[in-house]
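A look at the structure
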Amino acid sequence: MSDMTGADLVDLDLSADTKEAAARALAERMAARGRVTDLEGFLADVAAREAQLPTGLDGGIGIPHCRSEHVTAPTLAFGRSARGIDFGAADGPADLVFLIAAPAGADDAHLTILSSLARQLMNAEFTDALRAVADPARAAALIRGEEPAAGDEDSAERASADGEDSVAAPAAASAVAATAPATGEPQPSAAPEPPFRIVAVTSCPTGIAHTYMAAESLENAAREAGVEIVVETQGSAGFERLEPEVIAAADGVILAHDVPVREKDRFAGKPTVDTGVKAAVNRPGELIGEVRAKAARGEATAGGAAGSAGTAAATPVERGGEPGEGYGTKLRKWLMSGVSYMVPFVAAGGLLIALGFAIGGYEIDKAPSVTDHFAWAQADSWAALFFQIGGVAFAFLVPVLAGYIAYGMADRPGLVPGFVGGSIALTVNAGFLGGLAAGLISGAVVLAVQRVRIPKALRGIMPVVVIPLISAAVVGFLMFVVIGKPIASAQEAMTDWLDGLSGANAVLLGALVGLMMCFDLGGPVNKVAYTFATAGIAVSDPSDSAMKIMAAVMAAGMVPPLAMALATTVRARLFNAAERENGKAAWVLGASFISEGAIPFAAADPLRVIPSSMVGGAVTGALSMAFDATLRAPHGGIFVVPLIGNPLLYLVAVAAGVCVTTALVIALKGLRKQARDSVTRGPGDADPSTRTPGAKQPVSA
């Protein structure tokens, strides 16, 4: 590890007040050593990783880290702050900051060393020594493991062993876990029963720090609790699968992850605690206690069902939320699970219907079934075919929405009642509101059934017979007899309200959906606006108001990526090399109505990019409604312009929003650059414009 850090990468008097400033100060040391080729590009990658999950840990530790193409070799910089810096940890600011940089294609040996350091951060003597050290060279030596932390030579020896052996290997974790029962070998009578056995998996988005810190934390807590644990670290250094016999012998499972667990079906049928990776770092003892309590109650994942769902790892909600999350947060995740599965049906069905109208005209909805009449050489037959296929796809929207909301809540057992409830919502004309209600009710019913204590002999038929039967019957009764009709009335009232929108009210609605589309660029708020629009056109004969809303939503969603592309073109010097490259791709993404094309820019500079995008989106949404532009297709961007009502004015609305956002971004970034330059020059420095001609000037980053 000697080549990864050194005294020049240590700042024992880190003066930064924010995590962004701290990352910049440490990254500048890396750049000075030649380990970072593009400072701004690297900091953008750090910010993007930080946006995924805060990197603060209990105990006053911050570990910003990322993989980046702007890093030449694995590098670690360390800073110590007297005032503390907020990295999002529950117990307050961090005074020890480790910036870990790994190349995009780092080799496993280097990543294993970095993971060994991550484990050492769980050692209190190690962190205490770093707080007390007064010399940067000694601090670097401590980090490299070249001298033991004061009063803990045994810990240093264990850290050295971790550096030599791959911490990703479950065998190493097993050896650590075995130290607890080993003390009882001379007195076998003292332990008549075998210890409780746990297998665990840890993983995080980058697989560098949290993955291995969580493993170390779980192993330490297991030793204190007298529990055997074997941890599979699914990190950047790869992972070695737990042996099947180890899993078979386990009494419980802990899955601490922020990315899907690979081969999750291996753990089906066992008491399982499924949580985020930071929970394993901060409160491992609670997780061990929770899985032991589940085992005592006889709770287990259902047969192969849960495992199969975990293997697919397609749903955005693999669990009901982290412990401590509010109901609102869980509800948002459940709803987004349904929406994410519904969107492909919306896109395919809507585009096929729009294509049918484009070829056959707006009377194509009255064409006979193509099963009765289809002429290969007639355009109208093809138009009818596209329209009818699209209609069939649209018929799945509400059942899919309800089914996968229930899936997000209760995993695979929620699918049957969810789909049944969604289909009933269509039958009673309850529409999308009925689908939302059916999905939530289905998930709640399944969760309630799963809480009932049943004999072990019946557990095998629960996911196949009992749960589908009971949940489908309960949901069907509620939708047909109790809530279906009231929801249908509410759906009809909302449709009538939309049909009555005109003038200023319609323009204000356009501005609102424009703001929502640009607020989080593909996130929950964006999806709410998009789902609201698609719900209006997901019928055989959508109203004019519904098609206007769909047009406004798509127009506003195109604004952020197109504006970022234009800004990187007209004022390239305000953006780093990575952003300029992303700007080229943003042209295509924006034109295709993929709002996520602006995410790299928003992640790097959210306070300037997001408000600017929202203003431009509001302008575009309002203008689209004012111009009475309509759209039957739910997706497609400029490629469905021929299907848009008032297409020229529609493009004017998009262009206006793009220009507004571009101007705001350039102005705000320009002000920031001027402020940064004035700070860099200092009050006594001459302005660059007054310097002697011919003198070398610093090049702007």
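Bear in mind that the values here come from a model prediction, so they are computed numbers and not experimental data.

As for the sheet that holds strand 8 (residues 228-233)
In a beta sheet, neighbouring strands pair by backbone hydrogen bonds and run either parallel or antiparallel. Taken together, the four strands give an open sheet; going across it, the order is 8-7-9-10, and neighbouring strands pair in parallel fashion. Each end of this open sheet is capped by a strand with a single partner; those strands are strand 8 and strand 10 (272-275). The mean angle between the axes of side-by-side strands here comes to 15°, regardless of whether they run parallel or antiparallel. Here helix 9 (residues 210-225) sits on the sheet and contacts strand 7 (197-203), strand 8 and strand 9 (252-257); the angle it forms with strand 8, its principal contact strand, is near 175°.

As for the environment of Gly-583
Structurally, Gly-583 can be placed in helix 23 (residues 577-591). C-alpha of Gly-583 to C-alpha of Ala-567: the two residues are 16 residues apart in sequence and 8.2 Å apart in space. The contact partners of Gly-583, leaving out residues within four places of it in the chain, are Ala-565, Thr-568 and Phe-601.

Overview of the nonpolar core
Formed by 90 residues in total, the largest nonpolar core has its most connected members in Phe-432, Tyr-530, Val-553, Met-554, Leu-631 and Tyr-650. Per-element tally for this core: the top contributor is helix 22 (residues 544-570), with 16 residues.

Description of helix 17 (residues 415-427)
Between the first and last C-alpha of helix 17 there are 18 Å, a value that for 13 residues agrees with the 18 Å anticipated at 1.5 Å per step. Taken together, the buried positions of helix 17 are occupied by Leu-415, Pro-417, Gly-418, Gly-421, Gly-422, Ile-424 and Ala-425. Directly beyond the C-terminal end of helix 17, a positive phi value near 65° is found at Asn-429.

What about the packing of helix 22 against helix 23?
When two helices pack together, their arrangement is given by the angle between the helix axes and by the axis-to-axis distance. Two elements in contact, helix 22 and helix 23, have axes separated by 7 Å at closest approach and are oriented at 140°. Between helix 22 and helix 23, the angle falls in the class oblique. Crossing handedness for the pair helix 22 and helix 23: left-handed. When helix 22 is examined against helix 23, the residues Met-558, Pro-561, Leu-562, Ala-565, Leu-566, Thr-568 and Thr-569 are found in contact with a partner set consisting of Glu-579, Arg-580, Gly-583, Ala-586, Trp-587, Gly-590 and Ala-591. A per-class count over the contact of helix 22 with helix 23 returns eight nonpolar, four polar and two charged.

A few points about the pattern of salt bridges
For the structure on display, the rule yields 17 salt bridges. Residue Lys-548 is joined to Asp-628 by a salt bridge in which the shortest nitrogen-to-oxygen separation is 3.1 Å. Here the residue Lys-548 occupies a position in helix 22, and Asp-628 occupies one in the loop between helix 25 (606-626) and strand 11 (630-631), the gap between them amounting to 80 residues. Judged by relative accessible area, which is 16%, Lys-548 ranks as buried. Measuring nitrogen to oxygen at the nearest pair gives 3.6 Å for the salt bridge that ties Glu-581 to Lys-584. Remark: Lys-584 and Glu-581 occur in helix 23; sequence separation between them is three residues, near one turn of the helix. Ionic contacts of the salt-bridge type, sharing partners, join the residues Asp-95, Asp-128 and Arg-131 into one network.

Some remarks on a nonpolar patch on the surface
Taken together, the side chains of Leu-458, Ile-461, Val-464 and Val-465 make up a nonpolar region of the molecular surface, amounting to roughly 350 Å² of accessible area. Within the secondary structure layout, Ile-461 lies in the loop between helix 18 (431-450) and helix 19 (462-499).

As for the packing of aromatic side chains
A ring pair, where both rings are aromatic, is described by two values, the distance of the centres and the angle of the planes. Counting across every chain of the model gives 12 aromatic pairs. Here Tyr-404 and Tyr-407 contribute two aromatic rings whose centre-to-centre distance is 5.5 Å and whose plane-to-plane angle is 85°, an arrangement assigned as edge-to-face. Remark: Tyr-407 and Tyr-404 occur in helix 16 (residues 397-410); sequence separation between them is three residues, near one turn of the helix. The residues Tyr-404 and Tyr-407 share a single accessibility class, namely buried.

Parameters and conventions
Residues numbered from 1 in each chain as written. Predicted model: local features only at pLDDT ≥ 70, side-chain atom pairs only at ≥ 80, totals over all residues. Heavy atoms only, no water. Pairing = 2+ DSSP bridges. Helix = DSSP H or I, 4+ residues; strand = E, 2+ residues; numbered from the N terminus. Axes fitted to C-alpha atoms, helices over the stretch in contact; angles between N-to-C directions. Contact = heavy atoms within 4.5 Å. Core = buried A, V, L, I, M, F, W, Y, C linked by side-chain atoms within 4.5 Å. Buried < 20%, exposed > 50% of the residue type's maximum accessible area, 1.4 Å probe, protein only. Expected span 1.5 Å × (residues − 1). Parallel < 35°, antiparallel > 145°, perpendicular 65-115°, else oblique. Left-handed = near helix turned anticlockwise from the far one by under 90°. Nonpolar A, V, L, I, M, F, W, Y, C, P; charged D, E, K, R; others polar. Salt bridge = Lys/Arg side-chain N within 4 Å of Asp/Glu carboxyl O. Patch = residues over 30% accessible without salt bridge, like charges linked within 9 Å, V, L, I, M, F, W, Y side chains within 5 Å. Areas by Shrake-Rupley, 256 points an atom, 1.4 Å probe, with all protein chains shown as cover. Phe/Tyr/Trp six-rings, centres within 6.5 Å; stacked < 30°, edge-to-face > 60°.

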